[in-house]
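Architecture and fold: a report
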Amino acid sequence: MISAFLAASSSLAFAAIELGAPFSDGAVLQRGMKVPVWGEVVPGPLVFMKPKIHVTPKKVKVEFAGQTKVVDVGLDGKWRVDLDPMEASSESRTMKVTEFNKGFLFDSTVDSVEVKDVLVGEVWFASGQSNMETPIWHDGNSRYRDGKGAMMTSMTKMPLVRFIKTPRVYGTSGRNKLKVEWKKFEPSNFVAPPHSAHWKLLSAVAWYYARELHIALGIPVGIIDSSIGGTNIDAWTPAEGYLDCDKSIAQTAQYKPLFGKEFANRPGRKIYGAQFQQPTALFNAMVRDYTPMAMRGFIWYQGCHNNRESHLYTAKMHALYKGWAKAFENPSLKLYFCQLAPWKHNWLSLCMAQTRFAAEEPNASLAVTSDIGNFDDIHPNDKETVAQRLVIHALKNDYGFDIPEVNSPVAKSFSVSNSVVKIEFENAKSWYVYNRDLSYDVPFEIAGKDGVWKKAEIAVCKGCEKDWKSMYLISHPELYITSAEVKEPVAVRYLGRDRTSGVLYNQSTLPLGPFEMKISDISSK
């Protein structure tokens, strides 16, 4: 009787289970890794009983896929278990979570929650600014949507592919608890009223990425979309990322975000312009509640908003990646990200910063988009190609596909002989030149000691006398560049002029991205 009374009293104090954000009907769990499952038990009507006072031991039991895990509830009401690694499964199964009191004579259930239709497969995250946020389709916006979105969504029904669209919130951790739901890839979930907010619809890049991954692997795929247009990288970087960061971004690392009246009265608040742009503000509100969810990695499309500080962007990308890897407790977390596409600006310096980061971080890879920009629209609407260039990295690096080359060419060195610049590359065995007008106009430039850039062209080299131009092929990895206006070249660049697109592809039809090299750069190595 005493045990029953104590159990009943405790159940009034702790009456309900709240699960972490990822755990709702239709969820996809990550295969092949330990899978954290977490939540908290919230107080019942006996508010006079302080949560820290435990009359009897409180425990939570999680049952799923033949596993049973039991853990004590913390003094703060929080709990977590780690499920053992599981194989991929398309079987619709139920996860049962039970809070119970450990009594002297018997255990008593306080609350029980079931999460239905749970699958096991591959889980990915998608984040960034407007080119990530651009929805797969929107009836009322003829510009801000994918070019093939209406057709693709109307013909796609993939019940094993699930997604979450995270609502727009910002702040400190726990300020706005995320309430989200998993939805299936089927036409009804991609339709919204013409005047509804575009940001409530799934990202086109995320949509294509998940679809391509499912087609290739044939197993369940889950993708979470947390993105907002016009946002900087700092807002998406967690505090963990700034620990021991490069000294060039020390000022960002020391920034303490404030909100409400505190932000309005803050001296120098115009540095970030808005509350949601402050360092950590979006990660804490739109990503933190998903941690430490098991997932393979995240895809990232951002950079325009940081264009004026391209000299800091490589360091900031390191902070972003390091912070996400720590927050998700995954030192092998993958990051596949997009290089900016040409617009009225060609983003040369920022694109080069993105290339440097990809070279420095073993778990990151870059998708070059130099050939699919729109000079008059910062949001090019071919998001399918973007996603495919991201997903080939995952297929080769994470899923063992035999793909000969997944990386775009990267310029490594150059030399000058008789006014001809020879450039050597990684990830290139041969080249293909393509212009829509079938010309051989290439956006190379050469500069002499006066620093003035002059238009250049591909030179015919020894061994290239055959009519390779008519075949659009260059059968060797190096390129020879020349300009009649520059007799003593000291620098070369590609896509340095605004409103120029990439036209050079390697043997795997992956485009060359923007770069600039100087004799001084080579001499210093």
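An account of the accompanying structure is given in this report. (Residues numbered from 1 in each chain as written. Predicted model: local features only at pLDDT ≥ 70, side-chain atom pairs only at ≥ 80, totals over all residues. Heavy atoms only, no water.)

Here we come to the overall build of the chain. Scanning the chain for helices and strands turns up eleven helices and 25 strands. Against the 2.2 N^0.38 benchmark of 24 Å for 525 residues, the chain shows a C-alpha radius of gyration of 27 Å, consistent with a compact globule. Seen through its principal axes, the chain has C-alpha atoms that stretch 100 × 55 × 45 Å. For the chain, the residues scored as buried account for 56% of the 525 residues in total. Pairs at least 24 residues apart make up 74% of the contacts formed inside the chain by residues separated by at least 6 positions. Per element, the accessible surface of the chain, about 23000 Å² overall, is 52% carbon and sulfur. Averaging the locations of the 62 positively and 56 negatively charged side chains of the chain gives two centres separated by 4 Å. (Helix = DSSP H or I, 4+ residues; strand = E, 2+ residues; numbered from the N terminus. Rg over C-alpha atoms; globule rule 2.2 N^0.38 Å. Buried < 20%, exposed > 50% of the residue type's maximum accessible area, 1.4 Å probe, protein only. Contact = heavy atoms within 4.5 Å. Areas by Shrake-Rupley, 256 points an atom, 1.4 Å probe, with all protein chains shown as cover. Lys, Arg positive; Asp, Glu negative; His and termini not counted. Charge placed at Lys NZ, Arg CZ, Asp CG, Glu CD.)

The next point concerns the pairing of strand E16 (residues 420-426). With burial as the criterion, only one face of E16 is covered, namely that bearing Val421, Ile423 and Phe425; the residues Val420, Lys422, Glu424 and Glu426 on the opposite face remain uncovered. Both strand E15 (residues 410-417) and E16 contribute to a ladder of seven bridges, which runs antiparallel. Along E16, the bridge assignment pairs Val416 with Val421. In this structure, the hairpin formed by E15 and E16 is closed by a connection of two residues, where Asn418 is found at a positive phi of approximately 55°. Here E16 runs beside strand E22 (residues 479-482); their pairing, made up of three bridges, is antiparallel. Within E22, the position partnered with Ile423 by the bridge is Leu479. (Pairing = 2+ DSSP bridges.)

For the rest of this paragraph, the subject is the packing of helix H4 (residues 204-217) against helix H10 (residues 383-397). H10 packs onto H4 with a crossing angle of 45° between their chain directions and a minimal axis gap of 8 Å. When the axes of H4 and H10 are compared, the pair comes out oblique. Between H4 and H10 lies a crossing of right-handed hand. Of the residues in H10, those touching H4 at Ala204, Val205, Tyr208, Tyr209, Glu212, Leu213, Ala216 and Leu217 are Lys383, Glu384, Val386, Ala387, Gln388, Leu390, Val391, Ala394 and Leu395. Residue classes in the contact of H4 with H10 are distributed as 13 nonpolar, one polar and three charged. (Axes fitted to C-alpha atoms, helices over the stretch in contact; angles between N-to-C directions. Parallel < 35°, antiparallel > 145°, perpendicular 65-115°, else oblique. Left-handed = near helix turned anticlockwise from the far one by under 90°. Nonpolar A, V, L, I, M, F, W, Y, C, P; charged D, E, K, R; others polar.)

With that settled, consider the packing of aromatic side chains. For the structure on display, the rule yields 27 aromatic pairs. Judged by centre distance (4.1 Å) and plane angle (15°), the rings of Phe298 and Trp324 are stacked. In this pair, Phe298 is assigned in strand E12 (residues 297-301) and Trp324 in helix H8 (residues 310-327), connecting sequence segments 26 residues apart. For the pair Phe298 and Trp324, a shared accessibility class is recorded, and that class is buried. Taking 4.9 Å as the distance between ring centres and 70° as the angle between the ring planes, the aromatic pair formed by Phe425 and Trp431 counts as edge-to-face. With a relative accessible area of 11%, Phe425 lands in the buried category. Look at Trp431 and you get buried, because its relative accessible area is 1%. Above the face of the Tyr255 ring, Arg266 is positioned so that its terminal group lies 4.1 Å from the ring centre. (Phe/Tyr/Trp six-rings, centres within 6.5 Å; stacked < 30°, edge-to-face > 60°. Lys NZ or Arg CZ within 6 Å of the ring centre and 35° of its normal.)

Let's shift gears to the sheet that holds strand E23 (residues 491-494). Spatially, the four strands line up as an open sheet ordered E19-E18-E23-E25, and their pairing is antiparallel. The open sheet has two edge strands with one neighbour each: strand E19 (453-455) and strand E25 (515-518). With direction set aside, neighbouring strand axes in the sheet form an average angle of 20°. Where E23 meets E25, four bridges bridge the pair, whose relative direction is antiparallel. Opposite Val492, over in E25, you have Met517 as the bridge partner. Relative to E25, helix H9 (residues 348-360) is tilted by about 85°, and along the sheet it contacts E23 and E25.

Once that is clear, we can look at H8. With 18 residues, H8 should reach 26 Å at 1.5 Å per residue; the first-to-last C-alpha distance of 25 Å fits that figure. Extensive coverage of H8 is indicated by the burial of 14 of its 18 residues. The positive-phi residue at the C-terminal boundary of H8 is Glu329, with phi of around 55°. (Expected span 1.5 Å × (residues − 1).)

Attention now goes to the sheet that holds strand E17 (residues 431-433). On the basis of which strands lie adjacent, the open sheet formed by three strands has the order E21-E17-E24 and antiparallel pairing. Lying at the two open borders of the sheet, with one neighbouring strand each, are strand E21 (473-474) and strand E24 (504-506). Bridge analysis of E17 against E24 gives three bridges, and the strand direction is antiparallel. Residue pairing across strands places Val433 opposite Leu504, the latter belonging to E24.

This part is about the state of the cysteines. Scanning all chains against the criterion turns up zero disulfides. You can see Cys304 has no disulfide; the closest cysteine sulfur is in Cys351, sitting 9.0 Å from it. Taking relative accessible area as the criterion, Cys351 reaches 0% and is therefore assigned buried. (Disulfide = S-S within 2.5 Å.)

Here we take up the pattern of salt bridges. Under the defined criterion, the tally for this structure stands at 30 salt bridges. Across the pair Asp82 and Lys34 runs a salt bridge whose closest N-O atoms are separated by 3.7 Å. Of this pair, Asp82 sits in strand E6 (residues 78-83) while Lys34 is found in the loop between strand E2 (28-30) and strand E3 (35-43), placing the two residues 48 residues apart along the sequence. Note on Asp82: relative accessible area 27%, which makes it partly exposed. Notably, a salt bridge pairs Arg499 with Asp376, separated by 3.1 Å at the nearest N-O pair. Of this pair, Arg499 sits in the loop between E23 and E24 while Asp376 sits in the loop between strand E14 (364-367) and H10, placing them 123 residues apart in sequence. Judged by its relative accessible area of 39%, Arg499 falls in the partly exposed class. Its relative accessible area of 65% is what places Asp376 among the exposed residues. Residues joined in a network through salt bridges with shared partners are Glu18, Glu40, Lys78 and Lys177. (Salt bridge = Lys/Arg side-chain N within 4 Å of Asp/Glu carboxyl O.)

Residues Ala491 and Arg493 of E23 are buried on one face, and the alternating residues Val492 and Tyr494, pointing to the opposite face, are buried as well. Bridge count between strand E18 (residues 444-447) and E23: four bridges; the pairing is antiparallel. Following the sheet pairing, Ala447 is matched in E23 by Ala491.

Right, let's talk about H10 for a bit. Between its first and last C-alpha, H10 extends 22 Å over 15 residues, near the 21 Å set by a 1.5 Å rise per residue. Extensive coverage of H10 is indicated by the burial of twelve of its 15 residues. The complete set of buried residues in H10 reads Lys383, Glu384, Thr385, Val386, Ala387, Arg389, Leu390, Val391, Ile392, His393, Ala394 and Leu395. The N-capping residue of H10, defined by a side-chain oxygen 3.5 Å from the backbone nitrogen of Glu384, is Asp382. (Polar contact = N/O pair within 3.5 Å; in protein donor to acceptor, adjacent residues only side chain to side chain.)

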